Amino acid sequence: MIMDKEKKTMLSCVQPSGKLTLGNYLGAMRNWVGLQDDYNCIFSVANEHAITVRQVPAELRRNTLEVLAQYIACGLDPQKTILFIQSHVAAHAELAWILNCYTMFGELSRMTQFKDKSARHADNVNAGLFTYPTLMAADILLYQADYVPVGIDQVQHVELTRNIAQRFNNLFPNTFTMPEAYLGKVGAKVMSLQDPAKKMSKSDDNTNSFILLLDKPEDIMRKFKRAVTDSDNRIVRAEDKPGVSNLIGIYALATNQTPEQVEAEFEGKGYGDFKTACGEAVVEMLRPIREGTEDLLKNKDYLEQVYKEGAQQAAYLARKTMDKVHRKIGFVAK
Ligand code: TRP
């Protein structure tokens, strides 16, 4: 893939800190697929971010390859898009160090994700967890990205990235492109099937609350049948019907319909029928992704070729930015 100067650059990453959910797919990856022709796209597997909380090494390795395989199985095309593993491009850690020196302690202290994660992992509030946003800023600024497709929970980190870029550019003009968070379509936020007030999350203790992209069809069906609804048995969206509203949103996305069409389709029908239909639609939507991922994971040579070529292309772009940064801040050229 070559960067097309006429096109804007999009960059995003997924952490391989577990399995990807239906929420990751509908909220992120599915939308990225459609961006590949209109933007220069760069997507990486953020394994350096993942180690800010403890990981089991063998699982981290496996999950990293699994995320890469799922990127491809979801429709990200290595011919069009740069796909790589973060740790394969050393410039991420290099630039993160430099940006640390242009990021304020107070700014990092205000990050809500840091506050949440340090509360959840009180026994391991390491420096990496604290400086995680400067690594994310490095991911973005290294490639002079214009847009960063992220969920709402990451917008604060993109805002911080902008502040860091602004501060740096004020001292050293024209170093970094100012990035912008790119929020996908509204309604793509998928909630827990057990507690629709919460976002669907793989770290939920109740495994019935989330659907994994690699879940078996019978597990998907079971989880939808057990999904929390309410007692009034009407399939319409309403504020006091968060469970049903969430299922309508999922079904609409899985069948490419509007929520209004879904409500019309199920008028007069009961929750039992609707939940079965949701399960079946999601099974069919995820089937090619699960099968594609399984095939790719058996084909390690191909995956290796993809991530090596991706890293080479990414490293070339990253090096251009690093050279510029080194020159500007007064590091002696190699
Ligand atoms: N922090 C992001 C998350 O947890 C993942 C991420 C790392 C990222 N680096 C990034 C997202 C750069 C966008 C751009 O979801």
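Structural data are supplied above this passage.
Residues numbered from 1 in each chain as written. Predicted model: local features only at pLDDT ≥ 70, side-chain atom pairs only at ≥ 80, totals over all residues. Heavy atoms only, no water.

**Student:** Could you give an account of the packing of helix α7 (residues 127-142) against helix α8 (residues 155-171), with specific residues and numbers?
**Tutor:** Closest axis-to-axis distance for the α7/α8 pair is 9 Å, and the angle between their directions is 70°. Our classification of the angle between α7 and α8 gives roughly perpendicular. In this structure, α7 uses Y132, P133, T134, M136, A137, I140 and L141 to contact α8, whose residues at the interface are H157, V158, L160, T161, I164 and A165. Counted by class, the contact of α7 with α8 contains 10 nonpolar, three polar and no charged residues. (Axes fitted to C-alpha atoms, helices over the stretch in contact; angles between N-to-C directions. Helix = DSSP H or I, 4+ residues; strand = E, 2+ residues; numbered from the N terminus. Parallel < 35°, antiparallel > 145°, perpendicular 65-115°, else oblique. Contact = heavy atoms within 4.5 Å. Nonpolar A, V, L, I, M, F, W, Y, C, P; charged D, E, K, R; others polar.)

**Student:** Before we move on, could you go through unusual backbone geometry and cite the residues and values that matter?
**Tutor:** You will see that N174, though not glycine, has its phi angle at about 60°, which is positive. Along the polypeptide, N174 turns up in the loop between α8 and β5 (180-182). Judged by relative accessible area, N174 falls into the exposed class, the value being 66%. We note that N256 has phi near 55°; this positive angle belongs to a residue other than glycine. When you line up the elements, N256 lands in the loop between α10 (242-254) and α11 (259-265). (Buried < 20%, exposed > 50% of the residue type's maximum accessible area, 1.4 Å probe, protein only.)

**Student:** Run through the nonpolar core, naming residues and quoting values.
**Tutor:** In this structure, L22, Y71, F224 and L286 are the most contacted members of the largest nonpolar core, which totals 60 residues. It is helix α12 (residues 271-298) that provides the largest number of residues to this core, a total of 12 residues. Not counting residues within four places of it along the chain, the set of residues in contact with L22 comprises V190, M200, I211, L213, F224, I250, V282, M285 and L286. One finds M111, I164, M322 and I329 within the second-largest nonpolar core, a separate group that totals 43 residues. (Core = buried A, V, L, I, M, F, W, Y, C linked by side-chain atoms within 4.5 Å.)

**Student:** Explain the site of the ligand residue by residue, including any values.
**Tutor:** The immediate surroundings of the ligand are formed by 13 residues, with Q15, Y132, M136, D139 and Q154 found nearest. Here a nitrogen atom of the ligand and a side-chain polar atom of Y132 are 2.6 Å apart. The separation between a nitrogen atom of the ligand and a polar side-chain atom of Q154 is 3.0 Å. The fraction of the free accessible surface of the ligand (370 Å²) that becomes covered by protein chains is 89%. Where the shell around the ligand is concerned, the elements lending two or more residues are β1 (9-14) and α7. Classifying every residue of the shell around the ligand by side-chain character gives eight nonpolar, four polar and one charged. (Near = heavy atom within 4 Å. Polar contact = N/O pair within 3.5 Å; in protein donor to acceptor, adjacent residues only side chain to side chain. Areas by Shrake-Rupley, 256 points an atom, 1.4 Å probe, with all protein chains shown as cover.)

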